[in-house]
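# A look at the structure
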Amino acid sequence: MQRHIPLRVRLLGELQLVGVDGKALALPASRKTRALLGYLIATGQVHRRERLCNLFWDGPDDPRAELRWSLSKIRALLGDGSRARLVADRERVGIELGDALVDHAVVRSLAASSVSAATTKVLTETVALFGGEFLDELDLPLCYRYQEWCIAEREAMSQLRFRVLAALIARLEDVPTDALPYAYAFVAADPLSEAGHAAVVRLLGKMGRTNDALVHYERAHRIFEAELGAPPGEELKAARQALRPSPIAGARAAPSGAARGTPDDAPRPAASGPMVGRDAERTSIDRLVGMAADGGPDVILVTGEPGIGKSHMLGYFSERMAAAGGRAFTARAFEAETARSYGIWIDLLRSVQRQRPRNGLPSLLGPLLPELGGGEGGIGNRSQLFDAIVDVFHGLAADAPVGIALDDVQWIDDASASLLHYVARRTEAAPGLVIACAARSGEIEDNIAVSRVLRSLVRDGRLTEIELDTLSAEHTAELVRRLDPALDAAQIIAASDGNPLFALELARAHLRGDPGPGRTVKALIEGQLAGLTDQVRETLVWAAAHGRTFTPEDLAPLAPFDAAGLLMALGSLSGAGWCGRQAATPMTSPTTSSGKSPTAACPIPGASCCIDISRARFDRRR
């Protein structure tokens with residue numbers, strides 16, 4: 001015998017009815033009708049028509065006619081084999097649900113008994129029912145009686161959810177790996193809950209993840225400061241103080257936030273051996289470092305495409321600072337951490353902290369570095385914090401030249417960008433302090449805060465840009481032969497198009513006997529492709545497959561969209577640096593007024609790799 005499957009109703013989240021066949025029923029298009037359906041199911045009672053008219057139709061000339069229309073839609077919905085039915089007469093209306101499973105009713109039954117008396121299994125199943133806000137997206141602000149009922153019910157459900165989560169956290173605290181997801185759920189549901197944040201910090205500490213706990217404590221501080229204008233209370237402070245000291249707490253932040261690996265906290269390890277080529281760029285670095293003591297340009301910006309050698313150039317900058325008798329402190333930004341306020345500066349200060357005694361950094365930096373103490377009051381006065389950071393580097397520069405190297409600044413957050421501008425503006429008071437940044441030239445414009453800072457520095461004459469181009473064939477061959485003189489440099493030169501990272505990865509692949517470009521190149525290309533739409537990505541596939549140069553006419557028969565769509569896709573690729581025009585004629589149509597199409601170049605190193613990866617990603621998306 002086939003097992004009977006009852007109707008399932010979801011009220012905790014967007015309203016949904018799943019029929020006996022396991023498929024969601026198509027709900028009425030009218031929001032008010034859906035709200036009426038949710039109200040009748042949630043209350044589980046029979047209501048007078050007059051009351052329903054007052055709740056939902058206090059304004060129309062004939063509210064009873066409006067009610068009849070909505071009830072006809074609900075009757076048609078429930079009459080389609082759902083085993084629930086609308087019950088109505090001339091005076092009253094209700095819904096008989098039969099054996100339907102309603103999430104709201106299950107949660108209500110728990111509240112009617114006792115959360116503390118429920119088993120852990122029941123609590124876990126109850127938490128899973130909370131798929132969102134009660135009757136989400138069914139607000140009716142103009143129907144104030146219904147709206148007040150809905151808000152009150154949402155509050156009751158929210159409080160019950162917090163009680164269930166708190167009970168699970170308390171019961172599972174001795175098994176922190178099981179309790180932590182519920183603590184995070186508590187914080188996600190109420191970011192201003194001190195109890196939730198304190199639970200996360202305690203559980204991370206019990207798991208031995210002290211640095212993660214410190215980072216969460218720091219994040220909670222900022223949330224309370226930004227939203228409430230005050231630091232958290234004693235519960236969160238107590239959780240922070242209970243953390244066991246970590247032997248590396250002062251040396252690095254959590255895995256999600258710190259720079260890793262090298263003693264200098266370098267953004268990336270410098271390439272082994274002396275730099276190949278880049279004579280003009282190195283001369284510029286030498287000159288600018290030499291001018292530091294005389295108050296030269298305060299900020300150096302190294303730009304170029306991914307893999308072109310920007311990080312290597314920052315490494316050369318650090319070497320020249322050391323050769324001048326000084327030192328450089330380095331950090332980098334991460335694309336996945338753009339929401340981490342002051343992230344790159346926190347990592348930079350920890351780089352300073354490694355090379356100085358712990359008491360060398362002032363307690364005013366406590367809001368950024370909780371391990372220093374003194375940060376219980378939150379960031380508070382932002383100007384005071386900025387001045388404290390400037391004073392740290394001014395003090396260092398008083399003894400010897402100091403360099404600040406910041407990599408991948410296209411990914412820094414707004415707060416870090418503001419601090420960068422402030423420190424750069426104050427370098428005139430500290431001869432010997434130089435800031436060097438690196439950024440992907442095609443992505444700086446996407447970060448409005450960073451773009452604003454760079455434009456301001458250019459206007460003030462405080463910025464010098466060093467744009468890295470591809471290596472010449474001679475220098476690419478030299479780079480390849482350093483790995484193995486027997487390698488076929490000509491083949492790698494043609495495939496890499498002068499990009500040092502691509503050339504090295506292709507050379508290593510040849511040494512392994514692998515025709516592919518290696519995981520590093522694949523990851524880099526996939527990261528670039530991720531920001532393209534399907535239409536633009538498909539255009540790139542055909543462009544790369546066609547060859548190094550092409551015209552819109554070449555792609556028009558292949559692209560599954562019209563000429564306007566093709567030109568828009570090519571414009572997007574050009575803006576992102578994937579291709580560029582070789583002719584000066586504007587691309588206003590697939591052919592110009594002379595009848596000839598402008599030629600575009602596809603400067604993508606490793607074009608065959610690009611074809612394979614972009615096709616694979618496009619197929620997965622489709």
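Read on for an overview of the structure. (Residues numbered from 1 in each chain as written. Predicted model: local features only at pLDDT ≥ 70, side-chain atom pairs only at ≥ 80, totals over all residues. Heavy atoms only, no water.)

## Re the environment of L36
Its location among the elements puts L36 in helix 1 (residues 31-43). Owing to a relative accessible area of 0%, L36 belongs among the buried residues under this scheme. For the pair L36 and L55, spaced 19 residues apart in sequence, the C-alpha separation works out to 9.1 Å. Dropping the residues within four chain positions of it, L36 is found in contact with L52, F56, W57, L67, S70, L71 and I74. (Helix = DSSP H or I, 4+ residues; strand = E, 2+ residues; numbered from the N terminus. Buried < 20%, exposed > 50% of the residue type's maximum accessible area, 1.4 Å probe, protein only. Contact = heavy atoms within 4.5 Å.)

## Considerations on the pattern of salt bridges
Per the stated rule, a full pass over the model turns up 17 salt bridges. One salt bridge connects R48 with E91, and the closest N-O pair in it is separated by 3.7 Å. Within this pair, whereas R48 is found in strand 3 (residues 47-48), its partner E91 is found in the loop between strand 4 (85-88) and strand 5 (92-96), the two being separated by 43 residues in sequence. Take E91: its relative accessible area is 38%, and that puts it in the partly exposed class. Between R154 and E133 there is a salt bridge whose closest N-O contact spans 3.7 Å. On the criterion of sequence distance, the pair formed by R154 in helix 6 (residues 144-171) and E133 in the loop between helix 5 (120-129) and helix 6 is long-range, its members being 21 residues apart. Residue classification places R154 among the buried positions, given a relative accessible area of 11%. Sharing partners across several salt bridges, the network here consists of E133, D139 and R154. (Salt bridge = Lys/Arg side-chain N within 4 Å of Asp/Glu carboxyl O.)

## Some remarks on the packing of helix 5 against helix 6
Close contact between helix 5 and helix 6 brings their axes to 10 Å; oriented N to C, the two are set at 135°. Classified by the angle their axes make, helix 5 and helix 6 are oblique. Here the hand of the crossing between helix 5 and helix 6 comes out left-handed. Between helix 5 and helix 6, the residues in contact are T120, L123, T124, T126 and V127 and V164, L165, A167, L168 and R171, respectively. Broken down by class, the residue content of the contact of helix 5 with helix 6 amounts to six nonpolar, three polar and one charged. (Axes fitted to C-alpha atoms, helices over the stretch in contact; angles between N-to-C directions. Parallel < 35°, antiparallel > 145°, perpendicular 65-115°, else oblique. Left-handed = near helix turned anticlockwise from the far one by under 90°. Nonpolar A, V, L, I, M, F, W, Y, C, P; charged D, E, K, R; others polar.)

## Let's talk about the sheet that holds strand 11 (residues 463-467)
Strands pair in a sheet through their backbones, by hydrogen bonds, and they do so in one of two ways: parallel or antiparallel. Taken in spatial order, the five strands make up an open sheet running 8-9-10-7-11, and their pairing is parallel. One side of each edge strand has no neighbouring strand; the edge strands of this open sheet are strand 8 (327-332) and strand 11. Neighbour-to-neighbour, the strand axes of this sheet turn through a mean angle of 20°, independent of strand direction. Two strands pair when backbone bridges link them, and strand 8 and strand 9 (residues 402-407) are joined in this way by six bridges, in the parallel orientation. Bridging across to strand 9, R332 finds its partner in D407. Lying over the sheet, helix 11 (residues 279-291) contacts strand 7 (299-304) and strand 11, oriented at roughly 160° with respect to strand 11. In this fold helix 12 (residues 310-323) packs onto strand 7, strand 8, strand 9 and strand 10 (433-440), with an angle of close to 170° to the strand it touches most, strand 9. (Pairing = 2+ DSSP bridges.)

## Some remarks on the side chain of S193
Inspection of the secondary structure puts S193 in the loop between helix 7 (176-189) and helix 8 (194-206). Given a relative accessible area of 9%, S193 falls into the buried group. Once you skip the residues sitting within four places of it in the chain, S193 turns out to touch F186 and F224.

## Some thoughts on the environment of S341
Position of S341 among the secondary structure elements: in the loop between strand 8 and helix 13 (343-354). The partly exposed category is assigned to S341, whose relative accessible area is 27%. When the C-alpha atoms of S341 and D414 are compared, they prove to be 7.5 Å apart, with 73 residues separating the residues in sequence. In this structure S341 touches R222, I346 and D413, once residues within four positions along its chain are discounted.

## Structural notes on empty space enclosed by the protein
Under the counting rule described, the total for this entry stands at two cavities of 30 Å³ or more. The volume enclosed by the largest cavity comes to roughly 80 Å³. At three residues, helix 13 tops the list of elements feeding residues into the lining of the largest cavity. (1 Å grid on protein atoms, 1.4 Å probe; cavity = no way out; pocket = protein on both sides within 12 Å on 5 of 7 lines; lining within 4 Å. Points joined across faces, edges and corners; volume = space filled by probe spheres on them.)

## Some remarks on helix 5
Looking only at helix 5, the buried set comprises L123, T126 and V127. The buried residues of helix 5 occupy an angular sector of 100° when projected down its axis, which confines them to one face. Structural note: helix 5 exposes K121 and A128 on the side pointing more than 90 degrees away from its buried face. (Arc of directions from axis to C-beta.)

## So, the packing of aromatic side chains
As enumerated under the stated definition, the model contains ten aromatic pairs in all. Between F56 and Y146, the aromatic rings sit 5.1 Å apart at their centres with planes inclined by 40°, giving tilted as the arrangement. Of this pair, F56 sits in helix 2 (residues 49-56) while Y146 sits in helix 6, placing them 90 residues apart in sequence. Both rings, one in F329 and one in F393, keep their centres 6.5 Å apart while their planes meet at 65°; by these two values the pair is edge-to-face. Of this pair, F329 sits in strand 8 while F393 sits in helix 14 (residues 382-397), placing them 64 residues apart in sequence. According to the relative accessible area criterion, F329 is buried, its value standing at 0%. (Phe/Tyr/Trp six-rings, centres within 6.5 Å; stacked < 30°, edge-to-face > 60°.)

So, to be careful, I would describe these as geometric facts and stop short of saying anything about function.
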